[in-house]
Amino acid sequence: MAARAQGTGRSEHVRTQFPLDESQIPRAWYNIKADLPVATPPVLHPQTLQPITDEFLEPLFPPGLIAHENAIDRYVEIPEPIRDVYRLWRPTPMLRAVRLERRLDTPAHIYYKYEGASPAGSHKLNAAVVQAFFNKQAGTQALVTGTGAGQWGTAMAMACSFFDLPLEVFMVKVSHAQKPYRRIAMEHFGAQVHASPTPSTRAGRAVLERSPGHPGSLGLTLSETLETVHASGGRKKYAAGSGLAHVLMHQTIIGQEALLQMELAGEYPDLVIACAGGGSNFGGFAFPFVQRNLTGAANAKIIAVEPAACPTMTRGTYAFDWADVAGDAPVVKMYTLGHTFVPAEIHAGGLRYHGMAASVSALVAHGDVEARAVNQLDTFSAAVQFSQAEGIIPAPESAHAIRVAIDEALRCKELGQKKVIAFNLSGHGHFDMAAYQAYQRGELHDQAYPAERVRDALASLPQPPLDAS
Ligand SMILES: *Cc1c(COP(=O)(O)O)cnc(C)c1O
């Protein structure tokens, strides 16, 4: 076994790649709203706590995206100019992790879809391109967005340069200083990047007056972004990186391609695994498989993985809460740790969000999706094990899915089960080498579950009128 694991021994030929032709890039997005087993409650206005109307959305989004946010049809056609851009990197590869299977000595078959193959390095470009297209078409003069470590900002900057649209990015100040490469990448594509909090918005000034050395937070970038959009008199609009129904829908091209690729492999997954921050990566990969479960065509176990330091689905409550920290964004029924909860500084920055998309939350609450939390050190050890077998250095976020895939493969070994496991490798980790260095040096730690801070944060949930719930 050891010789085979090193690739020097003789081993049977096992097919590894399942390439699709570019004509097989999906022609429609899949809208899970058409198939949800329970209706999701209405989204509420941040102040009145009454269901929001298009009037609330119109200053923020162009008509095409509002239509997608409200869509109830099962499939929504992808405009041809967007498929044209997708041809730059789609269909993305799906591989069987044969070398990892051999290292683990598991009878399980492990497949992974690789969204790190996008030029932005993650799945986020799939949705960014759609937002740039519909805003350009509607005559929006500039887009404004917020970013943490910069994955979303990079994708949005690239998408805006494809469609010749100016972009302003509020980037969490501590990342702006400590992780300069994504900022430089955004500027390379023409974006204007501010370290948030800035002195140029009311929200930013208020924070800076109280605490001049404030490191910033994702919630604060959202407050600064929304203020900038509202002050622009309709010229600028907002680009959302995750959480909203339209963003999840735009990512479903991942899972649709994966279904075709599993067909080429001649297998169907028993387990479908993806990490979840706001839910767009998970929804994008898993929803087409969830649909097959809901219609009785299949019966895969679907697992959403989150960090133990930000355990929204495994330790939060299913309740109405504000989507942002300041209370300017809508109130959504979702799994939440409380909008004032500030997660510990783990390296999977894309998974540090207090809430979860409404549709993912509803599926977890209804028992159609299982949620699991994993510790930081366990995710890094899984990432290293995966890299040494398969070559790719994964983003720390993606390593959460790898951890659960390996755990399940090892359980198969123990029980002698030949299960088929499929997971989404949402991005590469080439901009995360400082985190890997900290791991190598033994400087990373697990964060204990912050039970008391969650209890405090959950005390400040809104109390919507009974008829809304
Ligand atoms: C942002 C990000 C995630 C989390 O995405 P959500 O869609 O918000 O759940 C996962 N993986 C990578 C590589 C990311 O950049």
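Residues numbered from 1 in each chain as written. Predicted model: local features only at pLDDT ≥ 70, side-chain atom pairs only at ≥ 80, totals over all residues. Heavy atoms only, no water.

S.K.: Hey, could you run me through unusual backbone geometry in this one?
M.R.: Residues apart from glycine generally show negative phi values, whereas peptide bonds are mostly found in trans. Note the cis peptide between Arg 90 and Pro 91, where omega equals -10°. Following the sequence through the fold, Pro 91 ends up in the loop between helix H4 (80–86) and strand S3 (94–96). The phi torsion at Leu 49 lies on the positive side, around 60°, for a residue other than glycine. Within the element layout of this structure, Leu 49 appears in the loop between strand S1 (28–30) and helix H2 (54–57). (Helix = DSSP H or I, 4+ residues; strand = E, 2+ residues; numbered from the N terminus.)

S.K.: Got a minute to help me understand the pattern of salt bridges in this structure?
M.R.: Proximity of charged atoms lets side chains of opposite charge pair with each other. This model, assessed by the stated rule, comprises 15 salt bridges. In this structure, the salt-bridge partner of Arg 372 is Glu 370, at a minimum N-O distance of 2.8 Å. We classify Arg 372 as buried; its relative accessible area is 17%. (Salt bridge = Lys/Arg side-chain N within 4 Å of Asp/Glu carboxyl O. Buried < 20%, exposed > 50% of the residue type's maximum accessible area, 1.4 Å probe, protein only.)

S.K.: Would you mind going over the packing of helix H10 (residues 202–210) against helix H11 (residues 218–230) with me for this structure?
M.R.: Between two packed helices, what matters for the description is the angle formed by their axes and the separation of those axes. Contact pair H10 / H11: the axes reach a minimum separation of 8 Å and the direction vectors enclose 140°. Between H10 and H11, the angle falls in the class oblique. Within the contact between the two elements, H10 uses Arg 202, Ala 203, Gly 204 and Val 207 and H11 uses Leu 220, Ser 223, Glu 224 and Glu 227. Residue classes in the contact of H10 with H11 are distributed as 3 nonpolar, 2 polar and 3 charged. (Axes fitted to C-alpha atoms, helices over the stretch in contact; angles between N-to-C directions. Parallel < 35°, antiparallel > 145°, perpendicular 65-115°, else oblique. Contact = heavy atoms within 4.5 Å. Nonpolar A, V, L, I, M, F, W, Y, C, P; charged D, E, K, R; others polar.)

S.K.: I would appreciate a short explanation of the environment of Leu 363 in the present structure.
M.R.: The topology assignment puts Leu 363 in helix H16 (residues 358–365). C-alpha of Leu 363 to C-alpha of Val 38: the two residues are 325 residues apart in sequence and 8.2 Å apart in space.

S.K.: Is there a simple way to explain the packing of helix H17 (residues 376–390) against helix H18 (residues 398–415) in this structure?
M.R.: Between H17 and H18, the shortest axis-to-axis distance is 8 Å and the interhelical angle comes to 80°. Comparing their axes, H18 and H17 come out roughly perpendicular. Counted together, Asp 378, Thr 379, Ser 381, Ala 382, Ala 383, Gln 385 and Phe 386 of H17 and Ala 399, His 400, Ile 402, Arg 403 and Ile 406 of H18 form the full contact between these two elements. Of the residues in the contact of H17 with H18, the class split is 6 nonpolar, 4 polar and 2 charged.

S.K.: What should I look at first to understand the pairing of strand S4 (residues 109–114) in this one?
M.R.: Regular strands place side chains that alternate from one sheet face to the opposite one. Among the 6 residues of S4, 6 are classified as buried, and the element is accordingly described as predominantly covered. Here S4 shows a buried face lined by His 109, Tyr 111 and Lys 113 and a second buried face lined by Ile 110, Tyr 112 and Tyr 114. Where S4 and strand S14 (residues 420–425) come together, 6 bridges link them in parallel fashion. When the sheet's bridge partners are listed, Tyr 114 is paired in S14 with Leu 425. (Pairing = 2+ DSSP bridges.)

S.K.: Hey, could you run me through the sheet that holds strand S5 (residues 142–147) in this one?
M.R.: One open sheet holds the 4 strands; their spatial order is S7-S6-S5-S8, and the pairing between them is parallel. Both edges of this open sheet fall to strand S7 (192–196) and strand S8 (236–238), since each of them pairs with a single strand only. Direction aside, the axes of adjacent strands within the sheet are offset by 25° on average. Pairing of S5 with strand S6 (residues 167–172) involves 5 bridges; the strand directions are parallel. Bridging from a neighbouring strand, Val 144 pairs with Glu 168 of S6.

S.K.: Just to check I follow, could you spell out empty space enclosed by the protein for this structure?
M.R.: Empty space among the atoms can be located by rolling a probe the size of a water molecule over them. Tallied over the full model, the rule gives 3 cavities of 30 Å³ or more. Reported here for the largest cavity is a volume of approximately 80 Å³. What lines the largest cavity is simply Ala 149, Gln 151, Lys 179, Arg 182, His 347, Gly 349, Glu 397, Phe 431 and Asp 432. Each residue belonging to the lining of the largest cavity can be placed in one class, and the counts come to 2 nonpolar, 3 polar and 4 charged. (1 Å grid on protein atoms, 1.4 Å probe; cavity = no way out; pocket = protein on both sides within 12 Å on 5 of 7 lines; lining within 4 Å. Points joined across faces, edges and corners; volume = space filled by probe spheres on them.)

S.K.: Before we go on, may I ask you to explain H17 in this structure?
M.R.: In an α-helix, one full turn covers 3.6 residues, which means residues spaced three or four apart are oriented alike. Here H17 contains 15 residues, and its C-alpha end-to-end distance of 21 Å stays within 8% of the 21 Å for a straight helix at 1.5 Å per residue. Within H17 the residues assigned to the buried category are Gln 376, Thr 379, Phe 380, Ala 382, Ala 383, Phe 386, Ser 387, Ala 389 and Glu 390. After H17 finishes, the residue Gly 391 shows a positive phi value of roughly 95°. (Expected span 1.5 Å × (residues − 1).)

S.K.: Honestly, the site of the ligand in this entry has me stumped. Any pointers?
M.R.: The full set close to the ligand counts 17 residues, and Lys 124, Ser 242, Gly 277, Ser 280 and Ser 426 are the nearest of them. At 2.4 Å from an oxygen atom of the ligand is found a side-chain nitrogen or oxygen belonging to Ser 280. Asn 281 is positioned with one of its backbone polar atoms (N or O) 2.8 Å from an oxygen atom of the ligand. Coverage of the ligand by the protein amounts to 97% of the 380 Å² it exposes when considered alone. In terms of residue class, the shell around the ligand is built from 4 nonpolar, 11 polar and 2 charged. (Near = heavy atom within 4 Å. Polar contact = N/O pair within 3.5 Å; in protein donor to acceptor, adjacent residues only side chain to side chain. Areas by Shrake-Rupley, 256 points an atom, 1.4 Å probe, with all protein chains shown as cover.)

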